[in-house]
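Residue-level structure breakdown
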Amino acid sequence: MSEDRKTWRIGVAGLGTVGGGLLSFLDAEPDFAPAGGRAVVTGISARSRARNRPVDVSAMQWFDDPVALAKSPDNDLFVELIGGSDGPAKAAVEAALAMGKPVVTANKALIASHGAHLAALAETKGVPLLFEAAVMGGTPAVKMLREALVGEDVISVAGILNGTCNYILTEMETKGSAFGDVLAEAQRLGYAEADPTTDIGGFDAAHKITILAALAFGCAPDFASAEIEGVDQVDLDDIKLAHDLGYRIRLVASAVREGEAVAVRVHPALAPFGHPLAETRGSLNALFIEGRRIGRIFLQGPGAGAGPTAAAVAADIADVMTAVRRPVFQSPASGLKFAPVIDPANRISRVFIRLRVKDQPGVIAAVSETLAGAGVSIDGFLQKSAQADGSVPIVLTTHATAESIVFEALERIARLPSMLQAPKLLRIARL
Ligand SMILES: NC(=O)c1ccc[n+]([C@@H]2O[C@H](COP(=O)([O-])OP(=O)(O)OC[C@H]3O[C@@H](n4cnc5c(N)ncnc54)[C@H](OP(=O)(O)O)[C@@H]3O)[C@@H](O)[C@H]2O)c1
């Protein structure tokens, strides 16, 4: 920091969507946090020096190597906006922390995979490691759990944490377009990456819910234990049939605590019309936090984009400048442990089952007898007219049942001679 400790010299590695947004923000408002002093970007790093950036960067010191920027004595605070759980982002964050420099990052993959190690490094050195922008972009979920709910006994966090998937599901429903067509359009408009695997495979939402679980339950972030299903298996017929039964399909990320054990999961799930998750449309994010004393809190807002995400990064920069000090994950890093995982065999869910059967008598009786025999009770049922190919689509919803029992029943149903394809199961969100 400069002599009077009023001007913070910021090093920014990564000048893409978020980094470019931050440069614009700080260029327009260097005094955005008056109690903390002035924030001035003095050093930058990206892949291409020649690429145009949203502000004039000619007075900023250029570094080809983000690790060299992180180690440079010419900045007081290092901001990592490159991305990726390993590689240059991790090396640069480690380098900055190792020399006792505060770090702000938007990198959920890094924090979900290496959060406990990085928190230990930061706390050993006595410097902040902040990542508000990593979850829900511009909507303050991290600070909500780390600060506002520090005394609360949180039992679950669940919501929609990936705007790309929500955009795709919303477009499929409203336009009646197939998954691949909507994905291609989202890529054309810049809402989805050229390689969409991280988003549509559920991994991005899993990174975020892993981080929220650590903040909510005081455990180490444990991405490796997250159960992950993406939206790539959801087709237009699922969306239409769920709609006919009064539901919308959403990619729901959840973290639940039972005693010491925790379950972190991402999967497509049905939410009934009128429920805030069903009504969260387009690229918006939404989150429920449930605590023993507070009951339920609902947050909704932008989860991505240059402006909202840069505002969240700036809020972290302000915390560094105003010397706000808290453990990285609410609990001190020295006591962070991986929580045991809740045994999936005990999981209770309501489910939506989709079948395609031959158009012949006795099929429905066979299905309902198989379910009843296994102890699965049907809540809703819908049979559509026979299709041109002679098949009949059937969907049904169940009351809450152990998932293991439903899976066993579905194996038996799959072997019925009237089945034309393997039964498909989607969970109904526990809301
Ligand atoms: N986009 C969002 O709305 C959003 C929201 C929340 C969190 N995040 C997180 O924020 C981070 C950045 O995301 P983004 O969308 O801004 O990514 P992006 O647009 O792809 O930008 C990445 C930046 O990193 C630079 N870079 C790549 N490899 C590098 C290397 N080896 N050394 C130095 N710089 C390198 C790139 O340089 P060039 O410009 O020269 O190619 C680019 O400026 C990620 O962790 C992401 O998960 C993003």
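1. Topic: the overall build of the protein
For the protein, the helix and strand inventory stands at 13 helices and 17 strands. Computed over C-alpha atoms, the radius of gyration of the protein comes to 24 Å, within 12% of the 22 Å expected from 2.2 N^0.38 for 431 residues, which places it in the range of a compact globule. Seen through its C-alpha atoms, the protein measures out along the principal axes to roughly 85 × 45 × 35 Å. Counting only residues that meet the buried cut, the protein has 54% of its 431 residues in that class. At a minimum sequence separation of 6, the contacts of the protein that also span at least 24 residues come to 73%. Total accessible area on the protein is roughly 17,800 Å²; 52% of this is exposed by carbon and sulfur atoms. In the protein, 41 positive and 48 negative side-chain charges are present, and the distance between their average locations comes to 1 Å.

2. A few points about the nonpolar core
Generally speaking, nonpolar side chains in soluble globular proteins are found buried as a group. Val157 and Leu212 are the most contacted members of the largest nonpolar core, which has 83 residues in total. With near-sequence residues (within four places) excluded, Leu212 lies in contact with Val135, Ala141, Leu145, Val157, Leu161 and Leu287. In this structure, Ala33, Val79, Ala312 and Val320 belong to the second largest nonpolar core, which totals 30 residues.

3. Structural notes on the domain arrangement of the protein
Looking at the assigned domains, one finds that the protein contains domain 1 (7–134), domain 2 (141–301) and domain 3 (345–428). Here domain 2 and domain 3 have C-alpha centroids that lie 26 Å from each other. Every contact between the two is made by 18 residues of domain 2 and, on the other side, 13 residues of domain 3. Taken together, both faces of the contact between domain 2 and domain 3 bury some 1,500 Å²; the carbon and sulfur share is 58%. Among the residues domain 2 hides against domain 3, the three largest losses belong to Leu241, Leu245 and Leu270. Together they make up 38% of the total. Our enumeration of links across domain 2 and domain 3 arrives at 9 salt bridges.

4. Overview of the packing of helix α1 (residues 17–28) against helix α11 (residues 306–321)
It is the contact of α1 with α11, at a shortest axis distance of 8 Å, that shows an interaxial angle of 65°. In terms of orientation, α1 and α11 fall into the roughly perpendicular class. Crossing of α1 over α11 shows right-handed handedness. Mapping the contact onto sequence places Thr17, Val18, Gly21, Leu22, Phe25 and Leu26 in α1 and Ala306, Thr309, Ala310, Ala311, Val313, Ala314 and Ile317 in α11.

5. Some details on empty space enclosed by the protein
Applying the stated criterion to the full structure yields 1 cavity of 30 Å³ or more. One number sums up the size of the largest cavity: a volume of about 110 Å³. Residue lining of the largest cavity: 14 residues in total, with Asp222, Ser225, Val262, Val264 and Ala339 positioned closest to the centre. Those elements that place two or more of their residues in the lining of the largest cavity are α9 (203–217) and β10 (261–272).

6. Regarding unusual backbone geometry
For Ala323, which is not a glycine, the phi torsion comes out positive at approximately 60°. Here Ala323 is to be found in the loop between α11 and β13 (348–358). We note that Gln330 has phi near 80°; this positive angle belongs to a residue other than glycine. With respect to the helices and strands, Gln330 occurs in the loop between α11 and β13. Owing to a relative accessible area of 18%, Gln330 belongs among the buried residues under this scheme.

7. Regarding the sheet that holds strand β4 (residues 77–80)
Taking strand neighbours across the sheet as the criterion, the 6 strands line up as β3-β2-β1-β4-β5-β6 in an open arrangement whose pairing is parallel. Strand pairing shows two members of the sheet lacking a second neighbour, β3 (61–63) and β6 (129–130), which therefore form its edges. The sheet strands contacting α1 are β1 (7–13), β2 (38–45) and β4, and the helix crosses β2 at an angle near 145°.

8. A few points about the side chain of Thr170
By the secondary structure assignment, Thr170 is in helix α6 (residues 163–175). A relative accessible area of 8% places Thr170 in the buried class. Apart from the residues within four sequence positions on either side, Thr170 is in contact with Arg250, Arg281 and Gly282.

Reading the values: rules and limits
Residues numbered from 1 in each chain as written. Predicted model: local features only at pLDDT ≥ 70, side-chain atom pairs only at ≥ 80, totals over all residues. Heavy atoms only, no water. Helix = DSSP H or I, 4+ residues; strand = E, 2+ residues; numbered from the N terminus. Rg over C-alpha atoms; globule rule 2.2 N^0.38 Å. Buried < 20%, exposed > 50% of the residue type's maximum accessible area, 1.4 Å probe, protein only. Contact = heavy atoms within 4.5 Å. Areas by Shrake-Rupley, 256 points an atom, 1.4 Å probe, with all protein chains shown as cover. Lys, Arg positive; Asp, Glu negative; His and termini not counted. Charge placed at Lys NZ, Arg CZ, Asp CG, Glu CD. Core = buried A, V, L, I, M, F, W, Y, C linked by side-chain atoms within 4.5 Å. Domains from an automatic or database assignment. Buried area = accessible area lost by both parts, 1.4 Å probe. Salt bridge = Lys/Arg side-chain N within 4 Å of Asp/Glu carboxyl O. Axes fitted to C-alpha atoms, helices over the stretch in contact; angles between N-to-C directions. Parallel < 35°, antiparallel > 145°, perpendicular 65-115°, else oblique. Left-handed = near helix turned anticlockwise from the far one by under 90°. 1 Å grid on protein atoms, 1.4 Å probe; cavity = no way out; pocket = protein on both sides within 12 Å on 5 of 7 lines; lining within 4 Å. Points joined across faces, edges and corners; volume = space filled by probe spheres on them. Pairing = 2+ DSSP bridges.

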